[in-house]
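# Tertiary structure, described
The residues making up each chain are set out below.
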There are 2 protein chains.
Amino acid sequence: MKETMIPGYTYGSREVARSPLSLSDLELLKKTVMFGDEDVYYLRMSHDVLKPHVSELVKTWYDFIGANPQLLAAFSTPDGRPIPEYLERVRERFEQWILDTARAEYDHAWLDYQYEIGLRHYRTKKNRTDDVEAMDIVPFRYLFLLLVPVLYTMKPYLERDGRSDVDVQRMFEAWQKSVLLQLTLWSQPYLRPEDF
Amino acid sequence: MKETMIPGYTYGSREVARSPLSLSDLELLKKTVMFGDEDVYYLRMSHDVLKPHVSELVKTWYDFIGANPQLLAAFSTPDGRPIPEYLERVRERFEQWILDTARAEYDHAWLDYQYEIGLRHYRTKKNRTDDVEAMDIVPFRYLFLLLVPVLYTMKPYLERDGRSDVDVQRMFEAWQKSVLLQLTLWSQPYLRPEDF
């Protein structure tokens, strides 16, 4: 958990709902996505590589969202007016998300916070954290597809620290696996419990 | 469509349900996953590269499924006995899926067949095509995660044809985008229409 206060950032706090998944459920997800100790190692390597660049990186994601009305809609009123204050409120949590992913302490507190993030994408909690009146869901259809813009814009930053090509490639792959894992966890509130 | 008969392979036939998505919906998905003409070009390049190896490739996927009880469950009875005939029936469709993805004719017939594949993963049509009494759903939680074993085992085969590193990388990336796109389309029956 970051020491400074980030609005709406509740990782590790009692306000976070408890994930319906157990750590052994998580193990099976990790096995399926071939996520192992090596991935933890390379994610942690990426932490200090990415840290100086998190604002710039999130800016590139915001540029992508801004250029894609179908994505900007989730940060807009139901009739389509973008809410700049909403985007600003979320920005620091996005930056912190990069560091939390790279820290790779995927324990129960982390699992719970992934569930919380899912609830905030779905109708269950969307907009409440930031007290805005935006579209009440991030449509499922765009959720996993965002892996590509998020990861591909990250790659040049993984290369900036002068690590070997192998290290850059492994960090990139570890990130892919982790993001797929997280997107799966964020999807849970969208699914009927028996279908998940 | 392949000329030879593959059991249960109905791509392009009248038996396939019509996708609730339009081609302009598909365009927005493609934009989100950054899928463009270059990806079509590289997917088509991969067609002849992969064609001689489809059986071997599907065999590696089956080995992975066999080694992961949480995945083998979808090919097993509800009380957990694997159904070898079911796996065998599906094998040729898996092989054909590689070639269909690489052919990259992502028109309405393709879109409809993606929906059909989704219906066959979900309770709507699971088991019916192959007349088996297996678990009645592929649990959502493993669906997208399979991208990693599927794609990473494919990479060595993309390298076998002596193409340049850049070509191999671009084919791999085009495959990633296409598989994410397809997994998203296959998810549709799992979601409430208004949430998708």
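Check the entry above for the structure.
Criteria and cut-off values
Residue numbers restart at each chain and count upward from 1, following the sequence in its written direction. Chains carry letters from A onward and ligands carry numbers from 1 onward, assigned in written order. Predicted model: local features are reported for residues with pLDDT of at least 70 only, side-chain atom pairs are reported and counted for 80 or more only, and whole-chain, interface and lining totals are derived from all residues. Excluding hydrogens and water, the side-chain figures rest on all heavy atoms present in the structure. Between N-to-C directions, angles cover 0 to 180 degrees, with each direction set by a line fitted to C-alpha atoms, over the stretch in contact for helices. We count a stretch as a helix when DSSP gives it H or I for four or more residues in a row; a strand needs E for two or more, and each element gets its number in order from the N terminus. Our angle categories are set so that under 35 degrees counts as roughly parallel, over 145 as roughly antiparallel, 65 to 115 as roughly perpendicular, and the remainder as oblique. Any pair of residues with heavy atoms lying within 4.5 Å of one another is described as a contacting pair. Alignment of the copies relies on least squares applied to C-alpha atoms, considering only residues that score at least 70 for pLDDT in both. Given the number of residues in a helix, its expected span is that number minus one, multiplied by 1.5 Å. Note that bend, as reported per residue, equals the angle between axes fitted to the 7 residues terminating at that residue and the 7 residues originating from it. Exposed residues in this analysis have more than 50% of their type's maximum accessible area, buried residues have under 20%, and partly exposed residues fall in between, with area computed by a 1.4 Å probe over protein chains only. Accessible-area loss on putting two parts together, using a 1.4 Å probe and summing over both, is the definition of buried area adopted here. Definition used for salt bridges: Asp or Glu carboxyl oxygen within 4 Å of a side-chain nitrogen of Lys or Arg. Here a polar contact is recorded for every N or O atom pair within 3.5 Å, except that within protein the pair must consist of a potential hydrogen donor and a potential acceptor, and residues adjacent in sequence are included only if both atoms are side-chain atoms. As a working rule, the residues Ala, Val, Leu, Ile, Met, Phe, Trp, Tyr, Cys and Pro are called nonpolar, Asp, Glu, Lys and Arg charged, and the rest polar, with Gly in that last group. What the arc measures is the spread of directions leading from the helix axis to the C-beta atoms. Ring geometry is summarised as follows: Phe, Tyr and Trp rings, the Trp one being its six-membered ring, pair when their centres sit within 6.5 Å, and such pairs are stacked at plane angles under 30 degrees, edge-to-face over 60 and tilted between the two. Here, a charge over a ring means that NZ of Lys or CZ of Arg falls within 6 Å of the ring centre while also lying within 35 degrees of the ring normal. Residues belong to one nonpolar core when they are buried, are Ala, Val, Leu, Ile, Met, Phe, Trp, Tyr or Cys, and are joined through side-chain atoms within 4.5 Å. By convention the crossing between two helices is left-handed if the near helix lies anticlockwise of the far one by an angle smaller than a right angle, and right-handed if it lies clockwise.

The next thing to look at is the packing of helix α2 (residues 37-50) of chain B against helix α9 (residues 165-187) of chain B. All names here are of chain B. Relative to each other, α2 and α9 sit at 105 degrees, their axes nearing to 8 Å. Accordingly, the angle class assigned to the pair α2 and α9 is roughly perpendicular. Counted together, E38, D39, Y42, L43, M45, S46, V49 and L50 of α2 and D167, R170, M171, A174, W175, K177 and S178 of α9 form the full contact between these two elements.

The next thing to look at is the environment of B:W61. Residue and element names in this part refer to chain B. As for its placement among the helices and strands, W61 is situated in helix α3 (residues 54-66). Each C-alpha atom, one on W61 and one on T153, is 7.8 Å from the other, the two residues being 92 residues apart in sequence. In contact with W61, not counting residues within four places along its chain, are F94, W97, I98, P149, V150, T153 and M154.

With that out of the way, let us pick up the relation of the copies chain B and chain A. Each copy superposes on the other: chain B lies on chain A with an RMSD of 0.0 Å after a rotation of 180 degrees and an axial shift of 0.0 Å. The superposition of one copy onto the other is thereby described by a two-fold rotation axis. No C-alpha of chain B approaches the rotation axis more nearly than that of B:L191, which lies at 3.2 Å. Looking at chain B, 100% of its interface residues are interface residues in chain A too, so the copies touch through the same face.

So, on to helix α5 (residues 84-103) of chain A. Residues and elements named next belong to chain A. An ideal rise of 1.5 Å per residue puts 28 Å on 20 residues; α5 measures up with 29 Å between its terminal C-alpha atoms. Where α5 bends most, the angle comes to about 30 degrees, and this point is R91. Looking at α5, one finds that the buried residues are Y86, L87, V90, R93, E95, Q96, W97, I98, L99, D100, T101 and A102. The first or second residue beyond α5 is A104, which carries a positive phi of 50 degrees.

Let's shift gears to the interface of chain B and chain A. Listed as interface residues are 42 residues of chain B and, on the opposing side, 42 residues of chain A. For the pair chain B and chain A, the summed buried surface comes to about 3,900 Å²; carbon and sulfur atoms form 61% of the total. It is B:T32, B:R141 and B:L145 that lose the most area in chain B upon contact with chain A, and together they represent 18% of the buried surface on that side. For the interface between chain B and chain A, the tally reads four salt bridges. The partner of B:D195 in a salt bridge is A:R123, with the nearest N and O atoms 2.7 Å apart. At the junction of chain B and chain A, the tally comes to 23 residue pairs in polar contact (both at pLDDT 80 or more). Secondary-structure elements contributing two or more residues to the side of chain B that touches chain A are α1 (23-32), α4 (69-72), α7 (140-143), α8 (147-158) and α9 of chain B. A total of eight residues in the side of chain B that touches chain A trace back to one element, the largest contributor, which is α9(B). Classifying every residue of the side of chain B that touches chain A by side-chain character gives 25 nonpolar, seven polar and ten charged.

Once that is clear, we can look at α1(B). Structurally, the α-helix is built with 3.6 residues per turn, so residues lying three or four positions apart point the same way. Taken as a whole, α1(B) has its buried residues at B:L26, B:L29, B:K30 and B:T32. Buried residues in α1(B), looked at end-on, bunch into an arc of 160 degrees, giving them a common side. The inward-facing, buried residues of α1(B) abut α3 (54-66), α4 (69-72), α7 (140-143) and α8 (147-158) of chain A together with α6 (108-121) and α9 of chain B. One or two positions beyond α1(B), positive phi appears at B:M34, with a value near 60 degrees.

So, about the packing of aromatic side chains. Under the criterion given, the structure shown has 38 aromatic pairs over all chains. Three or more aromatic residues link up through ring pairs in this structure, and these residues are A:Y122, A:F140, A:F144, A:Y190, A:F196, B:Y122, B:F140, B:F144, B:Y190 and B:F196. In this structure, A:K155 packs its charged tip against the face of A:F172, placed 4.6 Å from the ring centre.

This paragraph deals with the nonpolar core. A:W175, A:L180, B:W175 and B:L180 are the most contacted members of the largest nonpolar core, which has 143 residues in total. Once residues lying within four places of it in the same chain are set aside, the contact partners of A:W175 are A:L43, A:S46, A:L50, A:W97, A:I98, A:T101, A:A102, A:L151 and A:M154.

Another point: the packing of α6(B) against α9(B). All names here are of chain B. Their axes nearest at 7 Å, the elements α6 and α9 cross at an angle of 60 degrees. Between α6 and α9, the interaxial angle falls into the category oblique. As for how α6 packs across α9, the hand of that crossing is right-handed. Here W110, L111, Q114, I117, G118 and H121 of α6 come into contact with α9, specifically with L181, Q182, L185 and W186. In terms of residue class, the contact of α6 with α9 is built from six nonpolar, four polar and no charged.

Glancing now at the pattern of salt bridges. Tallying each qualifying case throughout the model produces 38 salt bridges over all chains. Two residues, B:R160 and B:E56, come together in a salt bridge whose shortest N-O distance is 3.7 Å. Of the two residues, B:R160 is situated in the loop between α8 and α9 and B:E56 in helix α3; the sequence distance between them amounts to 104 residues. Exposure remark for B:R160: the relative accessible area of 48% places this residue in the partly exposed category. Notably, a salt bridge pairs B:E88 with B:R91, separated by 3.0 Å at the nearest N-O pair. Residue B:E88 and its partner B:R91 are both found in helix α5 (residues 84-103); the two are separated by three residues, about one turn of the helix. Assessed through its relative accessible area of 22%, B:R91 is described here as partly exposed. Salt bridges sharing partners connect three or more residues here, namely A:R123, A:D136, B:R192 and B:D195.

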